[in-house]
Amino acid sequence: MEWYRLSESDVLAQLAASQDGLPAAEVQRRLSEHGPNDLTVKGVRSPWKILFEQFTAFMVLTLIVAAIISAALGDFKDAIAIGVIVLLNGLLGFSQEYRAEQAMAALKKMAIPHARVRRDGQTSEISSSDLVPGDVLFLEAGNFIPADCRLLESVHLQVQEAALTGESEPIRKVTEPIDTPELSLGDRRNMVYRGTFVSAGRGTAVVTGTGMKTELGRIATLLQAVEQEQTPLQKRLDVLGKRLAAIALAIVSAIFVQGLLRGEELKLMFLTAVSIGVAAIPEGLPAVVTIALTLGAQRMLKRKVLVRRLSAVESLGSITVICSDKTGTLTENRMTVASLHPADSHFLLLGGALCNDAVLQPNGEVLGDPTETALAVAAAKVDLDRAKVEPVLPRVGEIPFDSGRKRMTTVHDRTGDAPMLPPALQSVPRIAFTKGSVDGLLKLSTHFWAYGDAAPLDAAALANFEKANEAMASQGMRVLGVAFRTLAPGAEAVEADLTFIGMTGIIDPPRKEAADAVAKCQSAGIKGVMITGDHPLTAVYIAGQLGLAGDGSVIKGPELERMSLDELKQRAGGTTVYARVSPEHKLKIVDALQGLGHIAAMTGDGVNDAPALKKADIGIAMGITGTDVAKEAADMVLLDDNFASIVAAVEEGRIIYDNVRKFIKYILATNAGEICLMVAAPFAGMPLPLLPLQILWLNLVTDGLPALALGVEPAERNVMQKPPHPPSESVFARGLGAHVAWVGLLMGLLCLGVGYYYWSQGNPHWQTILFSTLTFTQMAHVMAIRSEDQSLFTIGFFSNPYMVAAVALTFVLQIALIYVPFLQTFFSTTALTAEELGVCLGLSLIIFIAVELEKWKNRKS
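Everything numeric here is computed off the predicted structure, so don't read it as measured data.

Chemist: Explain the sheet that holds strand β9 (residues 321–325) to me, and be specific about the residues and the numbers.
Modeler: Taken together, 8 strands build an open sheet; the order of strands is β8-β25-β24-β23-β9-β20-β22-β21 and the sheet is mixed. In this open sheet, the two edge strands, each paired with only one partner strand, are β8 (305–307) and β21 (554–556). Across this sheet, the average inter-strand angle for adjacent strands is 20°, counted without regard to direction. Where β9 lies against strand β23 (residues 600–604), 3 bridges are found, and the strand directions are parallel. Within β23, the position partnered with Ile322 by the bridge is Ala601.

Given below as structure tokens:
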């Protein structure tokens, strides 16, 4: 259907729709008929594929082959045991990865934009997935177009269609039909398409196509690309894993050859080599990081932060400066008109009500920008709400707000008696109202309204308004001016020769939790910076309330405009407040801070904030007031627009990074201990210290549940009292490499020593003692490294119940291997005496004590 060739009324008729929107029952019917407004994306892994991939790694396939060979040779015991361990290992891996996939799917679902529609004559916000053909959709600057639509109304509407057509300039839209067959997409100026966004103006449209029936849905190549880019830490661990794998394979080969030269059985050495390879090669490190980051992102969601890119979770621990908008983020965004100047302000409130896009619902709910809703509510209190005055003074034109002009203008025709207008203006045919920054409006005004008439805006009157503006701003109010101009039909100049009516002081108090969040930032070595378009006095007042005043200097937008980047760098180090700033300036601020070596987070909500959000190390969009464009450009979305949530996210990011480091420390140290033991034993003249199934068992139980439990370790007590870590920090930084080396060596030598002693004494239990000692030392190690520098007795033994359960379960399973006859047969273990079991447990305490001493030394230094 060539919708662009039909008139608005014909389009509505074809869709069996109306300007009042679809009834609820019809929406449900169409949703069943057309399905949700989602694109079918290929490449998402099914549960079966995730499960299959657990058994396709090279080392696992080698084990499966080994099991088959064992069975073919009649050794069903080894074949069954290897098969069971491979299956358990695969199921554990599947469980982790499937949970991560589900968590990411839930996060992506949360990121679906909302759409503002009219249904049953009522305006509401819905998920864009619920749109159906025939829905009447409202569009405004910053909205992504969620479906293909035919425009019904266009008020200076411009749409950026580069993603679909390649056209770099925004397209100005119209509503008139275009009766030309087979027009290209870029020439259909009365249509808007999914995947594009509104760059300016506003409009109303009716949905003509959803889901796969949109133009975007027809472009197959766009549907196949599923981004799976690794985070920087994953990439570093991937490289590390490959290097360690090469080293491990060399060692495994040496053990294999050494065993054969000593006369060990070929099959036994083959299984031993494969088992050591499986245990020693940390091929799963990048996957483990993915799981940790994904589940961490899910926890952040509970703290009102939606993570859109996993790399952001990792980067949070490196943040050194947070640049935050003031309104709604540091303040409550609970705008209330607290002051009017002049006090006799009926006309002022009328202008504020008409030059306004907020919608007062019949149920009392107000939809729209918080500043506009404050004006709408104040006007409604004196019986001047838009629904009552617009029938007499309908809007016939407008110049939408933009951050460069810092104002908005609406034009109204008088259609009858207008008693709400002052007597001197009740006969004018057309009037325009402009609201915006007081400074800007005063520059455009030649008169001011006083005692029911216009008077020249002389120096004394100008000084009076400027003084009142500063007085309101110094009390933390956001000050907006309102002006008007009468127009003759056909007049073009609207925002010139204005008559200034007065100003409104709108209070937006600081959030109660913001000051604590700022203090927490400062103790964590993170600088807080406030950026606002408000008056400098308002900015300084709020900054002082929050402890963000810094050295007291303020950089204003015009001053910032004139500065070179080098000049800004010289000032940016000590400046914490930027006022009268436009979104375009944010990019310059980010550049300067990054030039000083800062890792910068930047908040934003508007279309023009997108470049700064992309440039920042972490872009943070507002979930309530943010435009779709800002959210798409951001790495994270604040669901409650609250500065404290940013700080909570930083804290969560640091916890996740710390826990990933603990996991790496644990896995590599235990692997090092096992390899050290296997390499050193032959030099001591001993037979194989561990059998293949025992090695695989260690890999399953000790590298499994306890390692996963480290991922949910609670925050370190001083997590927000440490400086940020550098983003390029080595995996082995801050003593991790040294810890892996000495703990692995000590663990290997302890086990080798006890094994050698009992072997040399001819004790038939020597291998079980060695096997159990290694298991228990690994459990002691994982308990000791739960904190980077605090003692286990300080953080509390039961502070991570998952870890306690994992260690307890591993202990019980190891005891079962020692004493259950059926398991003894499979794992070649023997029952230990109480004394022998005590020796195993006692030696494991040496590792625990050694790590505790290391932490004590670190605390002292």
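The rest of the description comes next.
Chemist: Break down the packing of aromatic side chains for me, citing the residues and quoting the values.
Modeler: One pass over the structure, following the stated rule, counts 14 aromatic pairs. Centre to centre, the rings of Trp449 and Phe484 are 5.5 Å apart; their planes meet at 80°, and the pair counts as edge-to-face. Note that Trp449 is positioned in strand β16 (residues 445–450) and Phe484 in strand β18 (residues 477–486), a separation of 35 residues in sequence. With centroids separated by 4.8 Å and ring planes inclined at 70°, the aromatic side chains of Phe465 and Phe500 adopt a geometry described as edge-to-face. Pair noted here: Phe465 is in helix α16 (residues 459–474) and Phe500 is in strand β19 (residues 498–507), with a separation of 35 residues, a long-range link. With respect to burial, Phe465 and Phe500 carry one shared label: buried. Grouping aromatic residues by their ring pairs yields a cluster made of Phe347, Phe433, Trp449 and Phe484.

Chemist: Describe the packing of α16 against helix α18 (residues 536–546), with residues and values.
Modeler: The contact between α16 and α18 brings their axes to 7 Å, and the two run at 15°. In terms of orientation, α16 and α18 fall into the roughly parallel class. The crossing of α16 and α18 is right-handed. Contacts between α16 and α18 involve Glu470, Ala473 and Ser474 on the former and, on the latter, Leu537, Thr538 and Tyr541. Of the residues belonging to the contact of α16 with α18, the class tally is 3 nonpolar, 2 polar and 1 charged.

Chemist: Account for the environment of Gln158, naming residues and giving values.
Modeler: Mapped onto the fold, Gln158 is located in strand β4 (residues 148–160). Measuring from C-alpha to C-alpha, the distance between Gln158 and Pro394 comes to 23 Å, with 236 residues separating the pair along the chain. Excluding its chain neighbours within four sequence positions, the residues that come into contact with Gln158 are Pro170, Ile171, Arg172, Phe197, Val198, Ser199 and Ala200.

Chemist: Explain a nonpolar patch on the surface to me, and be specific about the residues and the numbers.
Modeler: Judged by side-chain polarity, Phe76, Ile80, Val84, Leu87, Leu88 and Leu91 come together as a nonpolar surface patch covering roughly 540 Å² of accessible area. For Phe76, the location among the structural elements is in helix α5 (residues 76–110). With relative accessibility at 52%, the residue Phe76 sits in the exposed group.

Chemist: Describe the pairing of β23, and please don't skip the residues or the numbers.
Modeler: Counting buried positions along β23 yields 5 of 5 residues, so the element is predominantly enclosed. A two-sided burial pattern is seen for β23, the buried positions comprising Ala600, Met602 and Gly604 on one face and Ala601 and Thr603 on the other. Direction of pairing for β23 relative to strand β24 (residues 618–622): parallel, over a ladder of 4 bridges. What sits directly across from Ala601, in β24, is Ile618.

Chemist: Describe the nonpolar core, listing the residues and the values that go with them.
Modeler: Membership of the largest hydrophobic core comes to 64 residues, with the highest contact counts inside it found for Tyr666 and Leu690. Per-element accounting of this core gives the leading share, 11 residues, to helix α28 (residues 766–784). Apart from residues no more than four positions distant in its own chain, Leu690 is found in contact with Leu677, Met678, Ile695, Leu698, Gln767, Leu770, Phe771 and Leu774. Of all hydrophobic cores here, the second largest spans 53 residues; its members include Leu293, Met300, Val577 and Ile664.

Chemist: Just give me the short version of unusual backbone geometry, but keep the residues and values in it.
Modeler: Along the chain, His341 connects to Pro342 via a cis peptide bond; the corresponding omega equals 0°. Position of Pro342 among the secondary structure elements: in the loop between β10 (336–341) and α12 (346–354). Even without being glycine, Asp383 reaches a positive phi, approximately 65°. Mapped onto the fold, Asp383 is located in the loop between α13 (370–381) and α14 (386–389). Look at Asp383 and you get partly exposed, because its relative accessible area is 47%.

Chemist: So what's going on with the environment of Pro821? Which residues, and what values?
Modeler: Examined against the element boundaries, Pro821 turns out to sit in helix α31 (residues 821–827). With 10 residues separating them in the primary sequence, Pro821 and Ala831 have C-alpha atoms 8.7 Å apart.

Chemist: Residues and numbers for helix α25 (residues 692–701), please.
Modeler: Counted residue by residue, α25 has 10 buried out of 10 residues, so it is predominantly covered. Considered for burial, the residues of α25 that qualify are Pro692, Leu693, Gln694, Ile695, Leu696, Trp697, Leu698, Asn699, Leu700 and Val701.

Chemist: Could you give an account of the side chain of Gln790, naming the residues involved and the relevant values?
Modeler: The residue Gln790 is located in the loop between α28 and α29 (792–795) in this model. Residue Gln790 is classed as buried on the basis of its relative accessible area, which comes to 18%. At a separation of 3.5 Å, a polar atom in the side chain of Gln790 contacts the side chain of Asp789. In contact with Gln790, not counting residues within four places along its chain, are Glu716, Ile795, Lys855 and Arg859.

Chemist: Give a detailed account of the pattern of salt bridges, specifying residues and quantitative values.
Modeler: Any two side chains of opposite charge can pair, given that their charged atoms come close. On inspection of all chains with the given rule, the structure shows 36 salt bridges. Between Asp135 and Arg119 there is a salt bridge, with its nearest N and O atoms 2.7 Å apart. In this pair, Asp135 sits in the loop between β2 (122–127) and β3 (136–140) while Arg119 sits in strand β1 (residues 114–119), placing the two residues 16 residues apart along the sequence. Put simply, Glu788 and Lys665 hold a salt bridge, and the shortest N to O gap is 3.8 Å. Placement of Glu788 in the loop between α28 and α29 and of Lys665 in helix α24 (residues 643–683) is noted, with a sequence separation of 123 residues between them.

Rules of the game
Residues numbered from 1 in each chain as written. Predicted model: local features only at pLDDT ≥ 70, side-chain atom pairs only at ≥ 80, totals over all residues. Heavy atoms only, no water. Pairing = 2+ DSSP bridges. Helix = DSSP H or I, 4+ residues; strand = E, 2+ residues; numbered from the N terminus. Axes fitted to C-alpha atoms, helices over the stretch in contact; angles between N-to-C directions. Phe/Tyr/Trp six-rings, centres within 6.5 Å; stacked < 30°, edge-to-face > 60°. Buried < 20%, exposed > 50% of the residue type's maximum accessible area, 1.4 Å probe, protein only. Parallel < 35°, antiparallel > 145°, perpendicular 65-115°, else oblique. Left-handed = near helix turned anticlockwise from the far one by under 90°. Contact = heavy atoms within 4.5 Å. Nonpolar A, V, L, I, M, F, W, Y, C, P; charged D, E, K, R; others polar. Patch = residues over 30% accessible without salt bridge, like charges linked within 9 Å, V, L, I, M, F, W, Y side chains within 5 Å. Areas by Shrake-Rupley, 256 points an atom, 1.4 Å probe, with all protein chains shown as cover. Salt bridge = Lys/Arg side-chain N within 4 Å of Asp/Glu carboxyl O. Core = buried A, V, L, I, M, F, W, Y, C linked by side-chain atoms within 4.5 Å. Polar contact = N/O pair within 3.5 Å; in protein donor to acceptor, adjacent residues only side chain to side chain.

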